[in-house]
Amino acid sequence: MKRKISLLTTAVCLSLASSVAMADALRDRAAAMFEAIPQEPPVIDGNELTPEKVELGKMLFFEPRLSASHLISCNTCHNVGFGGDDYLPVSIGHGWQQGPRNAPTVFNAVFNAAQFWDGRAADLAEQAMGPVQAGVEMASTPERVVDTLNSMPEYIERFKASFPGQDDPVTFKNMAVAIEAFEATLITPNSPFDLWLGGDDAAMNDEQKEGLALFMDKGCAACHAGVNFGGQNYFPFGLVKRPGADILPEGDRGRFEVTQTATDDYVFRASPLRNIELTAPYFHSGSVWDLEEAVAVMGVAQLGAELNDEEVHKIAEFLRTLTGETPTVVYPHLPVSTRETPRPVSMLDTTY
Ligand code: HEC
Ligand code: HEC
């Protein structure tokens, strides 16, 4: 009897030891490919994140008077209470015009190698100048923005405090630099995956761990790796099999429109997958609402693999462990308009 017990104990110990070894092996493989979101915002070359600048950037992010209509702010399409996007297939801007693409989240965007689905902006500051001027987004101009900001004494003071030593700190460029500083704080640490990667075995369940193994074994991680699980490189959407025009509309040729190079036809940035469960609908066309369906589409289009329902489900469950702690953003008080503030253009005036 005694002998039996000790054999049993040995067997239990052995199987425990091997499952610990397996868990460690999975963690080692994952640690070689992925990285946790840091607790603090990253350092940005040439843009020191002072409290004054981050606060100004937050005001500008929520400032609807950066748009011609005084109705649309960055937060309209990148709602920080809402996953950092607008939960629409494609965004609606000035004149209720529909843009061509789905809005990506601003959360963790600071970790992307370049911004936009086609990577056409090098960094967040360059990016921020785009939507303010885009006719289908905020429909303003750099001059109008500078006039607007200069019309409110509080903004002049805040630009001076944020850009000390500059003679004329209220510029379109500094608007973008301040917004970038605020956006750098929009990071989401402590996701279950990150806690697990840091050694907390209980942070992910078995199904999620199997999903992680599939994500690596099937080849998803070849394109979706690093701290953001993507956002670093470009690949044809439909590398193996082109999806239908409902998912990949023919009119949007991705990076080809940026580089005019044939090999960039229908090439897009491998999407960052952090907080993916919060940012439906999926793909640049915003055509797929269901995460499981998006995973299945990727299997066929990028890997030529028909994943079965169980595999799709496990991978999606793993992707749901990438949801981190979203930052608490206190809504800013914005200064009141003055006589000098340019008047709003009607939201319905699409000739503007
Ligand atoms: C009308 C909706 C709308 C408004 C307003 C808007 N955006 Fe966007 N934003 C989008 C869409 C759509 C894209 C993707 C466009 C593309 O890839 O061609 C985007 C892309 C981005 C990206 C790139 C993220 C990534 O992962 O590539 C960032 C960052 C961003 N916007 C920040 C801002 C800021 C800052 C403002 C305010 C100055 C702003 N947006 C205003 C809709 C909007
Ligand atoms: C060859 C590179 C490549 C591989 C392999 C790959 N992807 Fe992607 N993935 C992309 C690209 C490029 C996009 C952007 C597609 C677009 O333009 O809409 C994307 C988009 C996605 C999206 C939508 C993101 C969003 O914000 O809308 C999900 C989800 C996704 N991939 C998951 C996966 C999964 C799961 C796998 C493995 C089954 C996988 N991917 C394999 C390159 C790849």
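Rules behind the numbers
Residues numbered from 1 in each chain as written. Chains lettered and ligands numbered in written order. Predicted model: local features only at pLDDT ≥ 70, side-chain atom pairs only at ≥ 80, totals over all residues. Near = placed C-beta within 6 Å. Helix = DSSP H or I, 4+ residues; strand = E, 2+ residues; numbered from the N terminus. Expected span 1.5 Å × (residues − 1). Buried ≥ 20, exposed ≤ 12 C-beta atoms within 10 Å, placed from the backbone. Contact = placed C-beta atoms within 7 Å. Domains from an automatic or database assignment. Nonpolar A, V, L, I, M, F, W, Y, C, P; charged D, E, K, R; others polar.

Engineer: Hey, could you run me through the site of ligand 1 in this one?
Structural biologist: Lining the immediate surroundings of ligand 1 are 25 residues, of which Cys 74, Cys 77, Gly 93, Phe 116 and Pro 131 lie closest. Among the secondary structure elements, those contributing two or more residues to the shell around ligand 1 are helix 3 (74-77) and helix 4 (124-133).

Engineer: Can you help me understand helix 11 (residues 291-303) in this one?
Structural biologist: Note: α-helices contain 3.6 residues per turn, so residues at a spacing of three or four share the same orientation. With 13 residues, helix 11 should reach 18 Å at 1.5 Å per residue; the first-to-last C-alpha distance of 17 Å fits that figure. Considered for burial, the residues of helix 11 that qualify are Leu 291, Ala 294, Val 295, Ala 296, Val 297, Met 298, Gly 299, Ala 301 and Gln 302. Residues of helix 11 that are buried make contact with helix 12 (309-319). Looking at the residues trailing helix 11, positive phi occurs at Gly 304, about 65°.

Engineer: How should the site of ligand 2 be read in this particular structure?
Structural biologist: Taken together, the neighbourhood of ligand 2 is formed by 26 residues, with Cys 220, Cys 223, Phe 268, Tyr 282 and Phe 283 sitting nearest. Per-element accounting of the shell around ligand 2 gives the leading share, 6 residues, to helix 11.

Engineer: Got a minute to help me understand the domain arrangement of the protein in this structure?
Structural biologist: A common way to express how large an interface is: the accessible area buried when the components associate. Domain assignment breaks the protein into domain 1 (51-184) and domain 2 (190-322). The interface of domain 1 with domain 2 comprises 18 residues on the first partner and 23 residues on the second. Its residues assigned to classes, the side of domain 1 that touches domain 2 shows 8 nonpolar, 6 polar and 4 charged.

Engineer: Where do I start with the environment of Ala 23 in this structure?
Structural biologist: Mapped onto the elements of the fold, Ala 23 is located in helix 1 (residues 2-33). Considered as a pair, Ala 23 and Lys 209 are 186 residues apart in the sequence and their alpha carbons are 8.8 Å apart.

Engineer: Just checking my understanding: could you explain the environment of Cys 74 for this structure?
Structural biologist: Note on placement: Cys 74 falls in helix 3. Spatially, the C-alpha atom of Cys 74 lies 18 Å from that of His 284, the residues being 210 residues apart in sequence. In this structure, Cys 74 is in contact with Phe 61 and Pro 131, ignoring residues within four places of it in sequence.

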